[in-house]
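Topology and contacts: notes
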Amino acid sequence: MTCVIDPEQVTEHEYLGMLSQELQESIEVWEEELLDAEDDSEDLGSYDSYEEYEAATGDGPEQSELTYQHDLSIPPGWKVGGFASWHLTGPAPMTCSCGVAMRPLLTVHDREWDNGTLSWVPLEDRDSVHSMGANVPTGVYLGRGLMRVFTCPDDSTHPHRLSFQ
């Protein structure tokens, strides 16, 4: 089997816990408004139960509501650059020995998506999203899930730092 890399450029946003309290509160209000709008628009039509509606429309449990954290913030999978997720530990400073805040260089993840992050499924995998093992094409296992390599933006000769989540 041939191993290929299919890079895909995406736009991601900073980890929620790294945003200002005011912006976090605005995002929470936005998410609640989306959820309320979804509840208001839910029409079972001619179906006798929600289960019949789900079966007919394909709207099952894996179709979760849109959230900042899962759909707009940090995508799962391998990536170069971008933002760091702090979903297990909360934000932690990654500072170089020279005192400069380090930036993520590379993120290595054990999977490309899960049921909470279906909006990030790579284009070439959309048809196999429900196939067993499709979200772990590399077979890399990293304990809890991901490893990040941070680098100094001022001097590339400074030692890199690793972070595991």
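Located above this text is the structure these notes cover.
Counting of residues starts from 1 at the beginning of each chain's written sequence and follows it residue by residue. Two thresholds apply to this predicted model, a pLDDT of at least 70 for residue-level local features and 80 or more for giving and counting side-chain atom pairs, whereas whole-chain, interface and lining totals are computed over all residues. Water and hydrogen atoms were dropped before computing side-chain values, which therefore reflect all heavy atoms in the structure.

**Remarks on the packing of aromatic side chains**
In summary, the pairing rule links any two rings of Phe, Tyr or Trp, Trp by its six-membered ring, whose centres are within 6.5 Å, and it sorts them by plane angle into stacked for under 30 degrees, edge-to-face for over 60 and tilted for everything else. The full count for this structure, using the stated rule, is one aromatic pair. Where Trp-86 meets Phe-150, the ring centres are 6.3 Å apart and the plane angle is 20 degrees; that geometry is what we call stacked. Separated by 64 residues along the polypeptide, Trp-86 in the loop between strand 1 (79–80) and strand 2 (103–109) and Phe-150 in strand 3 (residues 146–151) bring together distant segments of the chain. Here the two residues Trp-86 and Phe-150 agree in accessibility, since each one is buried. Charge over a ring is defined by NZ of Lys or CZ of Arg lying within 6 Å of the ring centre and within 35 degrees of the ring normal. The positively charged end of Arg-148 is found above the aromatic ring belonging to Trp-86, 4.3 Å away from the centroid. A helix here means a DSSP run of H or I that spans at least four residues, while a strand means a run of E at least two residues long, and both kinds are numbered starting from the N terminus. Note on classification: 1.4 Å probe, protein chains only; a residue is buried when its accessible area is under 20% of the maximum for its type, exposed when over 50%, partly exposed between these limits.

**Points about the pattern of salt bridges**
Oppositely charged side chains are able to pair whenever their charged atoms sit close together. Here, a salt bridge means any Lys or Arg side-chain nitrogen found within 4 Å of an Asp or Glu carboxyl oxygen. All told, the structure shown has two salt bridges when counted by the stated rule. Here Glu-12 and Lys-79 are joined by a salt bridge, their closest N and O atoms 2.7 Å apart. With Glu-12 in the segment before helix 1 (21–41) and Lys-79 in strand 1, this residue pair connects regions lying 67 residues apart in the sequence. Just as Glu-12 is buried, Lys-79 falls in that class too. When the shortest N-O distance is used, the salt bridge between Asp-110 and Arg-111 registers 3.4 Å. Given the relative accessible area of 10%, Asp-110 is considered buried. Classification of Arg-111 as partly exposed rests on a relative accessible area of 31%.

**Observations concerning the layout of surface pockets**
Points on a 1 Å grid over protein atoms alone make up a cavity when a 1.4 Å probe fits among them but cannot get out, and a pocket when they form an open set with protein on both sides within 12 Å along at least five of seven lines; lining residues each have an atom within 4 Å of a point. Grid points are joined across faces, edges and corners, and a volume is the space filled by probe spheres set on the points. A volume near 1100 Å³ is recorded for the largest pocket. Each residue is assigned to one class: nonpolar for Ala, Val, Leu, Ile, Met, Phe, Trp, Tyr, Cys and Pro, charged for Asp, Glu, Lys and Arg, and polar for all the others, Gly among them. By residue class, the composition of the lining of the largest pocket is 16 nonpolar, seven polar and eight charged. There is about 340 Å³ of room inside the second largest pocket. Along the walls of the second largest pocket sit 22 residues, with Ile-74, Pro-76, Ser-85, His-87 and His-109 positioned nearest its centre.

**Focus: the environment of Arg-144**
Of note, Arg-144 is situated in the loop between strand 2 and strand 3. Placed 21 residues apart in sequence, Arg-144 and Gln-165 show a C-alpha to C-alpha distance of 6.1 Å. We call two residues in contact whenever any of their non-hydrogen atoms come within 4.5 Å of each other. Setting aside chain neighbours within four positions, we find Arg-144 in contact with Leu-88 and Gln-165.

**Comments concerning the pairing of strand 3**
On a regular strand, one side chain projects to one face of the sheet and the next to the other, so that they alternate. Within strand 3, six of the six residues are buried, leaving the element largely enclosed by the surrounding structure. Bridge count between strand 2 and strand 3: six bridges; the pairing is antiparallel. By the bridge assignment for strand 3, Val-108 is matched with Met-147. Any two strands with at least two DSSP-identified bridges between them are counted as paired. With four bridges connecting them, strand 3 and strand 4 (residues 161–164) associate as antiparallel partners. Opposite Arg-148, over in strand 4, you have Ser-163 as the bridge partner.

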